[in-house]
Amino acid sequence: DVKVTQSSRYLVKRTGEKVFLECVQDMDHENMFWYRQDPGLGLRLIYFSYDVKMKEKGDIPEGYSVSREKKERFSLILESASTNQTSMYLCASSRTGWKTGELFFGEGSRLTVL
Amino acid sequence: QKEVEQDPGPLSVPEGAIVSLNCTYSNSAFQYFMWYRQYSRKGPELLMYTYSSGNKEDGRFTAQVDKSSKYISLFIRDSQPSDSATYLCAMKGIQGAQKLVFGQGTRLTINP
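None of the values given here were measured: they were computed from a predicted structure.

*Asks:* Go over the overall build of chain B, please, and point to the residues and values.
*Replies:* The helix and strand inventory of chain B stands at 0 helices and 11 strands. Counting helices and strands in the order they occur from the N terminus, chain B gives β-β-β-β-β-β-β-β-β-β-β. Taking 2.2 N^0.38 as the reference for a compact globule, 112 residues should give roughly 13 Å; the C-alpha atoms of chain B span a radius of gyration of 13 Å, in line with that estimate. When each of the 112 residues of chain B is scored for burial, the buried share is 45%. Sequence-distant contacts in chain B: of pairs separated by 6 or more residues, those separated by 24 or more amount to 55%. Charge separation in chain B, taken as the distance between the mean sites of 12 positive and 10 negative side-chain charges, equals 7 Å.

Shown next, in the form of structure tokens:
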């Protein structure tokens with residue numbers, strides 16, 4: 001089974017802190033994604049990556065950055081956390097060209113910024 | 001206007017009922033249509049996958065796509081309490097590689 005692991009399920013941070021969310025997948029997938037999920041808004045794409053050291057902005061990249069130094073790992077960074085970044089963050093991966101669009105999600109990281 | 005619209009519910013039905021979940025979309029370039037199921041405190045998982053128009057059946061689940069109306073549906077027959085979850089529609093075009101556009105999700109509860 002494909003497994004996408006998010007290192008932290010629940011985090012509480014203070015405004016202005018730097019926050020790292022880590023994601024690791026074990027199926028050698030080329031593509032990795034970070035979404036945030038908010039009630040009434042569904043899933044919104046923050047950043048995605050098609051390859052190591054490659055990144056592209058999604059629909060809501062402001063206030064976030066990402067890092068992909070190894071194929072299996074994709075990190076989301078909040079440089080200076082703000083209260084409006086309180087949300088559920090979901091990492092996902094997929095294989096290029098196979099059942100295009102099928103994403104495998106992690107269990108999510110619920111971030112609260114005080 | 002959002003590219004994909006989905007009624008967030010919540011929707012509550014008795015066990016054994018037929019459930020109909022729907023999404024409308026505005027982008028005629030969408031070719032791949034998916035339904036994801038998300039249990040509480042879990043990530044979404046792919047439930048149904050359809051390319052272009054038509055129907056697809058998998059056990060108690062049927063996915064329908066009507067591209068002329070820009071409307072997709074998921075039907076659940078003989079609904080079970082274990083079907084209680086949030087259901088998200090998602091879709092993409094041929095361009096844009098793996099980027100999906102999601103609906104808001106519908107929270108469904110099946111009451112025993």
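*Asks:* Can you lay out the nonpolar core for me, pointing to particular residues and giving the numbers?
*Replies:* Among the nonpolar cores identified, the biggest contains 23 residues, and B:Trp35, B:Ile72, B:Leu74, B:Tyr87 and B:Met91 are the most heavily contacted of them. When contributions to this core are tallied by element, the ones reaching two or more residues are strand 3 (19-25), strand 4 (30-38), strand 5 (45-51), strand 7 (61-66), strand 8 (71-76), strand 9 (85-93) and strand 11 (106-111) of chain B. Those residues in contact with B:Tyr87, other than ones at most four positions away along the chain, are B:Gln6, B:Leu21, B:Trp35, B:Tyr36, B:Arg37, B:Leu47, B:Phe61, B:Leu74, B:Ile76, B:Gly105, B:Thr106 and B:Leu108. Listed in part, the 20 residues of the second largest apolar core include A:Cys23, A:Trp34, A:Leu78 and A:Ala81.

*Asks:* Tell me about the interface of chain A and chain B, and please be specific about residues and values.
*Replies:* Residue-level contacts link 27 residues of chain A with 21 residues of chain B. Together chain A and chain B conceal approximately 1,900 Å² of surface at their shared face, both sides included; 55% is due to carbon and sulfur atoms. Counting every contact that joins chain A to chain B gives 1 salt bridge. A:Glu107 is paired through a salt bridge with B:Lys42; the nearest N and O atoms lie 2.8 Å apart. Between chain A and chain B we count 5 residue pairs in polar contact (both at pLDDT 80 or more) in total. Contributing elements (two or more residues each) for the side of chain A that touches chain B: strand 4 (31-38), strand 5 (42-49) and strand 9 (87-94) of chain A. Class assignment of the residues belonging to the side of chain A that touches chain B gives a composition of 11 nonpolar, 10 polar and 6 charged.

Calculation criteria
- Residues numbered from 1 in each chain as written.
- Chains lettered and ligands numbered in written order.
- Predicted model: local features only at pLDDT ≥ 70, side-chain atom pairs only at ≥ 80, totals over all residues.
- Heavy atoms only, no water.
- Helix = DSSP H or I, 4+ residues; strand = E, 2+ residues; numbered from the N terminus.
- Rg over C-alpha atoms; globule rule 2.2 N^0.38 Å.
- Buried < 20%, exposed > 50% of the residue type's maximum accessible area, 1.4 Å probe, protein only.
- Contact = heavy atoms within 4.5 Å.
- Lys, Arg positive; Asp, Glu negative; His and termini not counted.
- Charge placed at Lys NZ, Arg CZ, Asp CG, Glu CD.
- Core = buried A, V, L, I, M, F, W, Y, C linked by side-chain atoms within 4.5 Å.
- Buried area = accessible area lost by both parts, 1.4 Å probe.
- Salt bridge = Lys/Arg side-chain N within 4 Å of Asp/Glu carboxyl O.
- Polar contact = N/O pair within 3.5 Å; in protein donor to acceptor, adjacent residues only side chain to side chain.
- Nonpolar A, V, L, I, M, F, W, Y, C, P; charged D, E, K, R; others polar.

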